[in-house]
Amino acid sequence: MALSLNAAKKLLIFLGKSLLALLKSVVFAFIPKSRKNIAGETILITGSGSGLGRLLALKFAQLGSVVVLWDINQEGNEETCRMVRETGASRVYAYTCDCSRREEVYRVADQVKREVGDVSILVNNAGIVTGKKFLNCPDELMEKSFDVNFKAHLWTYKAFLPAMIAKKHGHLVCISSSAGLVGVNGLADYCASKFAAFGFAESVFVETFVQQQKGIKTTIVCPFFIKTGMFEGCTTGCPLLLPILEPEYAARKILDGILQEKLYVYIPRSLYLIMFFKSILPLRMLLLMADYLGIFYSMDNFSGPKKKD
Ligand SMILES: NC(=O)c1ccc[n+]([C@@H]2O[C@H](COP(=O)([O-])OP(=O)(O)OC[C@H]3O[C@@H](n4cnc5c(N)ncnc54)[C@H](O)[C@@H]3O)[C@@H](O)[C@H]2O)c1
């Protein structure tokens, strides 16, 4: 009897807290959450030598953050550094780093800690795509996809998370993809690496939650195709529901999500609906929907990452 009373009490507390959480999220769906101030924060962005990484660097710098740029492409990264300086920001630091190499990540991370200080916001953005059908994809390329798109996240977390925990202050940002939510024809290795990045970031979030490390935030970003050149030639069968995104729009949405400390940022918002359908619809209907949205054929005209000017 005592046990069932305890169980009833536990259930009531759970229901009460859940109701409160639901009410809060309904209210915040209409009133935008306040944005945090990131002036003076030290933000490290991997893959900052072009595309999204570059746009995010410019946006963070405009908000007064100290920006640390990492890219394997020294020229592109220095160009980003110059562009950030042109905005008037003085605290911007560029490092050449191949994030797929664990030892290199640790070495350059130590250099950053000595020369700039601890990183408080880590944006794991560096990414590559092979865009080949699974059986046509050389083993080394598939391994590289994992090394850059997923395993690099392990090494950067190992390097920067301990100081965030010690200071009870930090934010981990994972740039995954809509291909980290649903499997895509012609993107098996990329999807697998993005699912892995998503699962890893979500799991560490759960770890920090269970350990009540309230100062450590996580944001997991899943955008559909963006016109950065990475997915040159890719198409959408339904531009209304799944438009190919402008880089500036995607970067602004990502920044908003980070500043509002959202856990999940899916762009466009229709991806939330697609994920809901994915979990409830019968398989046959799902396949019809994917066919209608052109998801099966989106990679048919993929021509490989566009060469940067
Ligand atoms: N473009 C899209 O359609 C799209 C959609 C969803 C998610 N994403 C993801 O967004 C992120 C940014 O992509 P983007 O569109 O800006 O592409 P991009 O090619 O312009 O940027 C990727 C950057 O990562 C760098 N990079 C690659 N390998 C690296 C390594 N080993 N070490 C360090 N840096 C490395 C590249 O030099 C490049 O500057 C990627 O993770 C990508 O998977 C892109």
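Refer to the structure printed above.
Residues numbered from 1 in each chain as written. Predicted model: local features only at pLDDT ≥ 70, side-chain atom pairs only at ≥ 80, totals over all residues. Heavy atoms only, no water.

**Let's talk about the packing of helix α5 (residues 139-167) against helix α6 (residues 188-210)**
Okay, so step 1: In contact at an axis separation of 8 Å, α5 and α6 are set at 15° when each is read in the N-to-C sense. Overall, the two elements α5 and α6 adopt an arrangement that is roughly parallel. Judged by the sense of rotation from one axis to the other, the crossing of α5 with α6 is right-handed. Here Leu 141, Met 142, Ser 145, Phe 146, Asn 149, Phe 150, His 153, Leu 154, Tyr 157 and Leu 161 of α5 lie close against α6, whose contacting residues are Asp 189, Tyr 190, Ala 192, Ser 193, Lys 194, Ala 196, Ala 197, Phe 200, Ala 201 and Val 204.
Okay, so step 2: Here the contact of α5 with α6 is composed, by residue class, of 14 nonpolar, 4 polar and 2 charged. (Axes fitted to C-alpha atoms, helices over the stretch in contact; angles between N-to-C directions. Helix = DSSP H or I, 4+ residues; strand = E, 2+ residues; numbered from the N terminus. Parallel < 35°, antiparallel > 145°, perpendicular 65-115°, else oblique. Left-handed = near helix turned anticlockwise from the far one by under 90°. Contact = heavy atoms within 4.5 Å. Nonpolar A, V, L, I, M, F, W, Y, C, P; charged D, E, K, R; others polar.)

**Digging into the pattern of salt bridges**
Okay, so step 1: All told, the structure shown has 12 salt bridges when counted by the stated rule.
Okay, so step 2: As a salt-bridge pair, Arg 82 and Glu 79 come within 2.8 Å of each other at their nearest N and O atoms. Highlighted residues: Arg 82 and Glu 79, both in helix α3 (residues 74-86), separated by 3 residues, approximately one helical turn.
Okay, so step 3: Overall, the relative accessible area of 39% leaves Arg 82 in the partly exposed class. (Salt bridge = Lys/Arg side-chain N within 4 Å of Asp/Glu carboxyl O. Buried < 20%, exposed > 50% of the residue type's maximum accessible area, 1.4 Å probe, protein only.)

**A short note on the environment of Glu 232**
Okay, so step 1: Inspection of the secondary structure puts Glu 232 in the loop between β6 (216-223) and α7 (247-259).
Okay, so step 2: Given the relative accessible area of 30%, Glu 232 is considered partly exposed.
Okay, so step 3: The sequence separation of Glu 232 and Pro 305 amounts to 73 residues, and the corresponding C-alpha distance is 5.8 Å.

**Regarding α7**
Okay, so step 1: End to end, α7 covers 18 Å across 13 residues, agreeing with the expected 18 Å (1.5 Å per residue, within 8%).
Okay, so step 2: Those residues of α7 that are buried are in contact with α2 (51-62), β5 (170-175), β6 and β7 (264-267).
Okay, so step 3: One or two positions beyond α7, positive phi appears at Glu 261, with a value near 55°. (Expected span 1.5 Å × (residues − 1).)

**Digging into the site of the ligand**
Okay, so step 1: Close contacts around the ligand come from 30 residues, with Asp 71, Asn 125, Tyr 190, Ile 226 and Thr 228 the closest.
Okay, so step 2: A distance of 3.4 Å separates a nitrogen atom of the ligand from a polar backbone atom of Ile 72.
Okay, so step 3: The protein chains hide 94% of the 820 Å² of surface that the ligand would expose on its own.
Okay, so step 4: Taken together, the elements giving at least two residues each to the shell around the ligand come down to α2 and α6. (Near = heavy atom within 4 Å. Polar contact = N/O pair within 3.5 Å; in protein donor to acceptor, adjacent residues only side chain to side chain. Areas by Shrake-Rupley, 256 points an atom, 1.4 Å probe, with all protein chains shown as cover.)

**Observations regarding a nonpolar patch on the surface**
Okay, so step 1: Side chains of Leu 19, Leu 22, Leu 23, Val 26, Val 27, Phe 28, Phe 30 and Ile 31 sit close together on the surface and give an oily, nonpolar patch of about 820 Å² of accessible area.
Okay, so step 2: As for its placement among the helices and strands, Val 27 is situated in helix α1 (residues 2-30).
Okay, so step 3: Here Val 27 falls in the partly exposed class, since its relative accessible area comes to 42%. (Patch = residues over 30% accessible without salt bridge, like charges linked within 9 Å, V, L, I, M, F, W, Y side chains within 5 Å.)

**Structural notes on the side chain of Asp 71**
Okay, so step 1: With respect to the secondary-structure elements, Asp 71 resides in strand β2 (residues 66-71).
Okay, so step 2: Separated by 2.7 Å, the side chain of Asp 71 and the backbone nitrogen of Gly 49 make a polar contact.
Okay, so step 3: Filtering out sequence-adjacent residues up to four positions away, Asp 71 remains in contact with Gly 47, Ser 48, Gly 49, Ser 50, Asn 77, Tyr 95, Thr 96 and Cys 97.

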